[in-house]
Amino acid sequence: MNADSPTTPAPTAINVAWAFLARTWQYCIFAGLLAVVLAGCATPPPADDPEALADFKQTNDPLEPTNRVFYAVNNGLDTVILRPAAQAYRFVLPGGVRTGIHNALSNLGTPVQLSNDVFQGQPRRAGDTTMRFLINSTVGVLGVFDVATGWGYPNHDTDFGLTLASWGVPDGPFLFLPVLGPSSPRDAAGFGVDMALDPFTWVGKTPGMQEFNWARFGLNALDSRERYLDPIDQIKKTALDPYATFRSLYRQHRQGEIEALAKDDRATVPVWFPQPSTPAR
Amino acid sequence: MINRRMLLALSVIAPAGMVRPVHAQSDTDRAAAFVRATGDKIVAVMRGAGSPEEKRRILGPIIDASIDVDGVARFCLGRFWRSATPDQQKRYTELFHKVLIGNIASRLGEYQDVRLTIGRSMPRDDNDVVATTLERPNNPTTTVEWVVADAARSPKVIDVIAEGTSLRLTQRSDYAAYLTRNNNDVDALINAMHQQLAEPKG
């Protein structure tokens, strides 16, 4: 190759320095991640302690050291950014306004919710979701007021992680993910699918939509953090090992949701309709 | 005409389908009444006048009478209970009482305007589970299940399951994780609990 070619600009000292810095930075991140992953496998207890071994297997957290690193990072970010922001959000807006925002956000989540109801083979849940969307988007003024609950169409949480669970996919080892928090391979995959199922992911290219999506993302984060301000503070205050406590709570909560989904036998009769004489069970 | 097969079927179904549910029903009813009475007592303390210190003093005996604290303490230590010395077991159980009452008392303010509604109750394993809903202003309604042991003779709460998460299971995993990271040393746990009590609670 001709070094004197007029098309290649002569590398200036600054360019070289930048390239070097960028490269070094990349190496640093890579080395850091590698170190985390290598350090990241928990050593199982010795085989001559069967009870400890059983405990280890039941906890099912082979990546515990890595998970704890991410927990520490998330916890630090939460302490300096998200928690104060959520406190400010609670301080500035009255409860009624926050509930309205929560309802509107929940209404925007209808496409994901409805898709999962259908994937789970839950026609009654899907019907409730549809009625909620129709009622709350109109009578409830773009979802701000949750009129549907009073009319006999209660809300339910769902996501693709639960859909996978209903198909028999096991959760796998515990994961604590940066930003997202407690999860599992199944639920992390479910999170990705939920993103893909959300129509707003795909219409976000125009300038107005982009701002809307960011606002929605930010409000969602504030809304969900605000709702958990007190319980999370309480856990951090009373738990000797908050990481282990959050791990246990997350697992139990998901298990509860999965069982509730499997047992869901909601009646299709809304409250304004003549009720059957015996309660539907 | 009743044939023999029908009679046989009836004789099989009758004990299983009639007698036992009646017995279990009375037990679950008793469990529900017990939870209602205990809940009313605790809510009365929470709503009542008096300083937090006074409330804490009143709360202690109510908790000891209605919760099987010794049993829960043993459950929460899990496999480490057996490896602990009798002295450690004794110190741990005493501390557990104090930590539990402290934790409940520190949240009295949050539950000042709580409304407890008793729902369905049903037998589960050897115990009876009473479902309730807790309503607080400006908070989402939460479902709380109370697991009551020995409803027939001396009913005691052995677990509280809030929104599907069992309090004693969560506590056990907290202690187990702490012990595993501290050489399975029960004394280390006891010290940590001491420290917890010494720290001022909000």
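See above for the structure.
Attention in this report is confined to the structure presented alongside it. (Residues numbered from 1 in each chain as written. Chains lettered and ligands numbered in written order. Predicted model: local features only at pLDDT ≥ 70, side-chain atom pairs only at ≥ 80, totals over all residues. Heavy atoms only, no water.)

**Considerations on the overall build of chain B**
Okay, step 1: The number of helices and strands found in chain B is 7 helices and 5 strands.
Okay, step 2: Listed by position from the N terminus, the elements making up chain B come as α-α-α-α-α-β-β-β-β-β-α-α.
Okay, step 3: By residue count, 39% of the 202 residues in chain B fall in the buried class.
Okay, step 4: Total accessible area computed for chain B in this model is approximately 11800 Å², and 56% of it derives from carbon and sulfur atoms. (Helix = DSSP H or I, 4+ residues; strand = E, 2+ residues; numbered from the N terminus. Buried < 20%, exposed > 50% of the residue type's maximum accessible area, 1.4 Å probe, protein only. Areas by Shrake-Rupley, 256 points an atom, 1.4 Å probe, with all protein chains shown as cover.)

**Description of the sheet that holds strand 4 (residues 156–162) of chain B**
Residues and elements named next belong to chain B.
Okay, step 1: An order of 1-2-3-4-5 is seen for the 5 strands of this open sheet, with the pairing classed as antiparallel. Among the strands making up the open sheet, the edge pair consists of strand 1 (115–124) and strand 5 (165–166).
Okay, step 2: As paired strands, strand 3 (residues 142–149) and strand 4 are joined by 6 bridges and run antiparallel to one another. Its bridge partner lying in strand 4, Trp-146 is registered against Val-160. (Pairing = 2+ DSSP bridges.)

**Thoughts on the packing of aromatic side chains**
Okay, step 1: A full pass over the atoms with the stated rule returns 14 aromatic pairs over all chains.
Okay, step 2: Consider the rings of Tyr-71 of chain A and Phe-246 of chain A, whose centres lie 6.1 Å apart with planes at 45 degrees: the pair is tilted. Of the two residues, Tyr-71 of chain A is situated in helix 3 (residues 64–92) and Phe-246 of chain A in helix 13 (residues 242–263); the sequence distance between them amounts to 175 residues.
Okay, step 3: With a relative accessible area of 12%, Tyr-71 of chain A lands in the buried category.
Okay, step 4: For Phe-246 of chain A, a relative accessible area of 15% corresponds to the buried category.
Okay, step 5: Ring geometry for Phe-119 of chain A and Phe-160 of chain A: centres 6.0 Å apart, planes at 90 degrees, overall edge-to-face. Separated by 41 residues along the polypeptide, Phe-119 of chain A in helix 5 (residues 110–119) and Phe-160 of chain A in helix 8 (residues 160–166) bring together distant segments of the chain.
Okay, step 6: Given a relative accessible area of 37%, Phe-119 of chain A falls into the partly exposed group.
Okay, step 7: These aromatic residues form a ring-pair network of at least three members: Tyr-71, Phe-174, Phe-176, Tyr-243, Phe-246 and Tyr-250 of chain A.
Okay, step 8: The cationic tip of Arg-168 of chain B hangs over the ring face of Phe-75 of chain B; the distance from NZ or CZ to the ring centre is 3.9 Å. (Phe/Tyr/Trp six-rings, centres within 6.5 Å; stacked < 30°, edge-to-face > 60°. Lys NZ or Arg CZ within 6 Å of the ring centre and 35° of its normal.)

**Quick notes on a nonpolar patch on the surface**
Okay, step 1: A contiguous nonpolar patch, built from Val-69, Val-73, Leu-77, Val-80 and Ile-81 of chain A and spanning about 430 Å² of accessible area, is present on the exposed surface.
Okay, step 2: Here Val-80 of chain A is to be found in helix 3. (Patch = residues over 30% accessible without salt bridge, like charges linked within 9 Å, V, L, I, M, F, W, Y side chains within 5 Å. Salt bridge = Lys/Arg side-chain N within 4 Å of Asp/Glu carboxyl O.)

**Side note on the packing of helix 4 (residues 95–108) of chain A against helix 11 (residues 207–227) of chain A**
All names here are of chain A.
Okay, step 1: Helix 11 packs onto helix 4 with a crossing angle of 120 degrees between their chain directions and a minimal axis gap of 10 Å. One way to sum up the angle between helix 4 and helix 11 is to call them oblique. As helix 4 runs across helix 11, the sense of the crossing is left-handed. Residue-level contacts link Arg-98, Ile-101, His-102, Leu-105 and Leu-108 of helix 4 to Phe-212, Arg-216, Leu-219, Asn-220, Asp-223, Glu-226 and Arg-227 of helix 11.
Okay, step 2: Partitioned by chemical class, the residues of the contact of helix 4 with helix 11 number 5 nonpolar, 2 polar and 5 charged. (Axes fitted to C-alpha atoms, helices over the stretch in contact; angles between N-to-C directions. Parallel < 35°, antiparallel > 145°, perpendicular 65-115°, else oblique. Left-handed = near helix turned anticlockwise from the far one by under 90°. Contact = heavy atoms within 4.5 Å. Nonpolar A, V, L, I, M, F, W, Y, C, P; charged D, E, K, R; others polar.)

**Considerations on the side chain of Asp-198 of chain A**
Okay, step 1: Among the secondary structure elements, Asp-198 of chain A is positioned in the loop between helix 9 (185–197) and helix 10 (199–202).
Okay, step 2: Ignoring sequence-local partners within four residues, the contact set of Asp-198 of chain A consists of Val-112 and Arg-216 of chain A.

**Things to note about the interface of chain B and chain A**
Where the parts come together, the accessible area they lose is often given as the size of the interface.
Okay, step 1: On the chain A side, the residues contacting the 27 residues of chain B number 22 residues.
Okay, step 2: Across the chain B to chain A interface the summed buried area is about 2000 Å²; carbon plus sulfur atoms make up 48%.
Okay, step 3: Taken together, the connections running from chain B to chain A amount to 1 salt bridge.
Okay, step 4: Notably, a salt bridge pairs Asp-241 of chain A with Arg-181 of chain B, separated by 4.0 Å at the nearest N-O pair.
Okay, step 5: Put simply, chain B and chain A have 7 residue pairs in polar contact (both at pLDDT 80 or more) between them.
Okay, step 6: Taken together, the elements giving at least two residues each to the side of chain B that touches chain A come down to helix 5 (86–106), strand 5, helix 6 (167–180) and helix 7 (186–198) of chain B.
Okay, step 7: Counting residues per element, the side of chain B that touches chain A draws most heavily on helix 6 of chain B, at 8 residues.
Okay, step 8: Of the residues in the side of chain B that touches chain A, the class split is 9 nonpolar, 9 polar and 9 charged. (Buried area = accessible area lost by both parts, 1.4 Å probe. Polar contact = N/O pair within 3.5 Å; in protein donor to acceptor, adjacent residues only side chain to side chain.)

**Observations regarding the pattern of salt bridges**
Residue and element names in this part refer to chain A.
Okay, step 1: Scanning the model with the defined rule gives 29 salt bridges over all chains in all.
Okay, step 2: With a shortest N-O distance of 3.6 Å, Arg-90 and Asp-230 are connected by a salt bridge. Linking Arg-90 in helix 3 with Asp-230 in helix 12 (residues 229–238), this pair joins segments that are 140 residues apart in sequence.
Okay, step 3: The class for Arg-90 is partly exposed, based on a relative accessible area of 30%.
Okay, step 4: Of the charged contacts in the structure, one is a salt bridge between Arg-98 and Glu-226, with a shortest N-O distance of 3.4 Å. Pair noted here: Arg-98 is in helix 4 and Glu-226 is in helix 11, with a separation of 128 residues, a long-range link. Of the two residues, Arg-98 and Glu-226, neither departs from the other in class, the shared state being buried.

**Re the side chain of Arg-79 of chain B**
Okay, step 1: Summarising the element assignment, Arg-79 of chain B is placed in the loop between helix 3 (69–77) and helix 4 (80–83).
Okay, step 2: Of the residues examined, Arg-79 of chain B reaches a relative accessible area of 16% and is grouped as buried.
Okay, step 3: When sequence neighbours within four positions are dropped, the list of residues in contact with Arg-79 of chain B reads Asp-49, Glu-51, Ala-52 and Asp-55 of chain A together with Thr-180 of chain B.

**Here's the deal with the packing of helix 11 of chain A against helix 12 of chain A**
Residues and elements named next belong to chain A.
Okay, step 1: Between helix 11 and helix 12, whose axes approach to 4 Å, the crossing angle comes to 55 degrees. Taken as axis vectors, helix 11 and helix 12 run oblique relative to one another. The residues of helix 12 that touch helix 11, namely those facing Arg-225, Glu-226 and Arg-227, are Leu-229, Pro-231 and Ile-232.
Okay, step 2: Across the contact of helix 11 with helix 12, the residue classes break down as 3 nonpolar, no polar and 3 charged.

**Structural notes on helix 11 of chain A**
Residue and element names in this part refer to chain A.
Okay, step 1: Between the first and last C-alpha of helix 11 there are 31 Å, a value that for 21 residues agrees with the 30 Å anticipated at 1.5 Å per step.
Okay, step 2: For helix 11, the complete set of buried residues consists of Arg-216, Asp-223, Arg-225 and Glu-226.
Okay, step 3: Residues of helix 11 that are buried make contact with helix 3, helix 4, helix 10 and helix 12. (Expected span 1.5 Å × (residues − 1).)

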